[in-house]
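Chains, contacts and geometry: an overview
In case you want the letters, here they are:
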Amino acid sequence: MAEDERALPPQGVVVLGATGSIGASTLDVIARHPQRYRVAALTAHGRVDELVALCLAHRPQLAVIGEAQREAQLRERLQAAGVACRVASGAAGLLEAAQWPDARVVVAAIVGAAGLMPAIAAARAGKRLLLANKEAIVCAGTLLLEAVRSGGAELLPVDSEHNAIHQCLAGAAGRNGLRRLILTASGGPFRQRHDFAGITPEQACAHPNWRMGQKISVDSATLMNKGLEVIEASWLFDVPRTQIDVVVHPQSVIHSMVEFGDGSVLAQLGTPDMRTPIAYSLGFPQRIDSGSARLDFLTLKDLSFEAPDLQRFPCLGLAYQALAAGPAASILLNAANEVAVAAFLARALAFADIAAVIAQVLDGTHPAAPDSVDAVLEIDALGRRRAHQALAGRSA
Ligand code: NAD
Ligand code: MG
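Residues numbered from 1 in each chain as written. Chains lettered and ligands numbered in written order. Predicted model: local features only at pLDDT ≥ 70, side-chain atom pairs only at ≥ 80, totals over all residues. Heavy atoms only, no water.

Turning our attention to the overall build of the protein chain. When helices and strands are counted, the protein chain shows 17 helices and 11 strands. Over its C-alpha atoms the protein chain spans a radius of gyration of 21 Å, differing by no more than 12% from the 21 Å that the globule rule assigns to 396 residues. In terms of its C-alpha atoms, the protein chain occupies a principal-axis envelope of roughly 55 × 50 × 40 Å. Contacts spanning at least 24 positions in sequence make up 70% of the contacts within the protein chain whose residues lie at least 6 apart. For the protein chain, the exposed area adds up to about 16700 Å²; of that, 52% sits on carbon and sulfur atoms. Between the averaged position of the 35 positive side-chain charges in the protein chain and that of its 38 negative side-chain charges there is a distance of 2 Å. (Helix = DSSP H or I, 4+ residues; strand = E, 2+ residues; numbered from the N terminus. Rg over C-alpha atoms; globule rule 2.2 N^0.38 Å. Contact = heavy atoms within 4.5 Å. Areas by Shrake-Rupley, 256 points an atom, 1.4 Å probe, with all protein chains shown as cover. Lys, Arg positive; Asp, Glu negative; His and termini not counted. Charge placed at Lys NZ, Arg CZ, Asp CG, Glu CD.)

Now for the coordination of the magnesium ion (ligand 2). Distances from the magnesium ion (ligand 2) to its protein donors, Asp159 (OD), Glu161 (OE) and Glu229 (OE), fall within 2.1 to 2.2 Å. Between consecutive donor residues of the magnesium ion (ligand 2), the sequence gaps follow D-x1-E-x67-E. Note on accessibility: Asp159 and Glu161 belong to one class, buried. (Donors = N, O, S within 2.8 Å, 3.2 Å for Na, K, Ca; no water. Buried < 20%, exposed > 50% of the residue type's maximum accessible area, 1.4 Å probe, protein only.)

This part is about the side chain of His166. Looking at the secondary structure, you find His166 in helix 9 (residues 160–169). His166 gets classed as buried once you look at its relative accessible area, which sits at 17%. Excluding anything up to four places from it in sequence, His166 contacts Leu156, Pro157, Phe237, Tyr280 and Phe284.

When a protein is soluble and globular, its nonpolar side chains tend to lie buried together. Grouped together as the largest cluster of nonpolar side chains are 94 residues, with contacts concentrated most on Val14, Leu181, Leu333, Phe351, Ile354 and Ile358. At 11 residues, the largest contribution of residues to this core is made by helix 15 (residues 327–345). Counting residues in each nonpolar core, the second largest holds 35 residues, with Tyr37, Val52, Leu282 and Ile288 among its members. (Core = buried A, V, L, I, M, F, W, Y, C linked by side-chain atoms within 4.5 Å.)

Attention shifts here to the site of ligand 1. Near ligand 1 there are 22 residues, and of these Thr19, Ile22, His45, Glu135 and Gly213 occur at the shortest range. Within the backbone of Gly20, a nitrogen or oxygen atom sits 3.1 Å from an oxygen atom of ligand 1. In the environment of ligand 1, an oxygen atom lies 3.4 Å from a nitrogen or oxygen atom belonging to the backbone of Ala132. Coverage of ligand 1 by the protein amounts to 87% of the 820 Å² it exposes when considered alone. For the shell around ligand 1, the elements supplying multiple residues, two or more each, are helix 2 (21–31) and helix 7 (134–139). Looking at the shell around ligand 1 residue by residue, the classes come out as 12 nonpolar, seven polar and three charged. (Near = heavy atom within 4 Å. Polar contact = N/O pair within 3.5 Å; in protein donor to acceptor, adjacent residues only side chain to side chain. Nonpolar A, V, L, I, M, F, W, Y, C, P; charged D, E, K, R; others polar.)

Moving on, we come to the packing of helix 15 against helix 16 (residues 353–363). Interaxial distance between helix 15 and helix 16 falls to 9 Å at its minimum, and their mutual angle equals 150 degrees. Regarding helix 15 and helix 16, the two cross each other, and that crossing is right-handed. Of the residues in helix 16, those in contact with Ala329, Leu332, Leu333, Ala336, Asn337, Ala340, Val341 and Phe344 of helix 15 are Ile354, Val357, Ile358, Val361 and Leu362. Its residues placed into classes, the contact of helix 15 with helix 16 shows 12 nonpolar, one polar and no charged. (Axes fitted to C-alpha atoms, helices over the stretch in contact; angles between N-to-C directions. Left-handed = near helix turned anticlockwise from the far one by under 90°.)

Bringing unusual backbone geometry into the picture now. Going from Phe284 to Pro285, the amide bond is cis rather than trans, its omega being 5 degrees. Of note, Pro285 is situated in the loop between helix 13 (275–283) and helix 14 (314–325). In this structure, Leu223 is a non-glycine residue whose phi angle is positive, near 70 degrees. Located in the positive-phi region is Arg347, a residue other than glycine, with phi close to 60 degrees. Its place among the elements puts Arg347 in the loop between helix 15 and helix 16.

In C-alpha cells form, the structure reads like this:
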C-alpha cells in the first residue's frame, strides 16, 4: 500500500446477504485489510443468531434482518451481546443498508430476485456495486445498468466468469476486435451421470469444486447457473447471445475467456475461490491479497474441455431461448427456476422436472419488456404463479 493511501480512512462496505456463502467470503477478505475497509452494514434474511455473531466480529453501524417479525429479537440479542448499532428490518431496512451514506461499496450477495430492489437502490445511490446477485441483472438488465449510469455508480461483477471477462477485457479499449466470450462451466455434480432419477437435494448440492448456497448449487447441477450467466454476460458486456459460448471445463481453473478477431484468446486462471473475484472487485484497479491458495501448475493434472450436453441439461438451452425472446422471458425463466428449485429442495419436485416446469412457464405468452422496476416485479409474480400451476400435477 502506498504511503498516501494508508493515510485515507477505511472505506465503508455494506454486505447485503452477509450470512451467505458470498457474504462470508467477502467478510474474510475485508478482515484482511482493516486499514482499507470497514464493515458499515450487514443484512440477513432470517438467521438472527448468525447475524449477531457477524455483528460481534465486524461491528457494523447498521444491522438489518429481512424478516421484519425478527427485528425485536435481533435488537435484544445485539444488546445482550454488547453490540451498539442501528437495527432495521424488512424491505425498508434492506434499502436503507443499500443506500447507507457512510459506505462507498455495496456487495449485492442476496440470492434471487429478492435482491433486485436493494441492488438498484445501491446503484442509484452511486455506490461501487459488487454484483454477485446474478438474478438481479437477469431480471432487470436495462434498469440496473440505467441506475448505475444515472447514479454515477460503478458495477463490478463478482460472479467468477464475469469477473474473469472483466479482467480479460481490462476496460473499454479491451473490447476492440472482440469476437466472442467463452464462459467456462464445471459441469456440476452430474456431468458424468446419465440417469437423473432419484437425485436428492444433498447430491445436487455436493458441487465438485465450489462451496456455495443451496440455490446456486442446484442451478450448477442443472446448468441453469450457466444459463443465467449467459444472460448476465450479455447485459454486462453488451454482447449478443450469438457471441457467447459455454465450454465445460471440469477443473474450474480457467474462470472464463475472451476471444479476439486476431485469434488471441485471453483467459483468467486461479484456484476456485470466490475471495479472488471479491478481492479484485473491492480493490480495483489495485490488486489486494484475497487469502486464496496459489495456483500450482506443477501439481495441476489436466485442463480438459467438452461441449455442454443440452439433452441432459435442457436448462442451458432454455436460458439461450429466453435471451433470444426478450427481457420479459428472462424474468419468467428466473422466476420459474426459483420456484422449481425451491420445490426440488423441499423434495416436492423431481430433479429432471425442474427444466420441465421452466419450459412450461416459458411456453405461455410473454408480456412486453418492462419499463420500470414495478413492471419487472409484476412479470416475476406472473412467472411464479405459472410455475406453481405447473408444479401442481407433478410430484417428486
Ligand atoms: P446463500 O444462500 O449462501 O446466501 C444468500 C444470502 O441472502 C443470505 O445471507 C440470506 O440471508 C440472504 N437472503 C436470502 N433470501 C433473502 C431475502 N428474500 N431477502 C433478503 N435476504 C435474503 O447464497 P450465495 O451462494 O452466497 O449466493 C448469493 C448470490 O451470489 C446468488 O445470487 C448467487 O447466484 C451469487 N453467486 C454465488 C456464488 C458462490 O460461490 N456462492 C458464486 C457466484 C455468484
Ligand atoms: Mg459463476
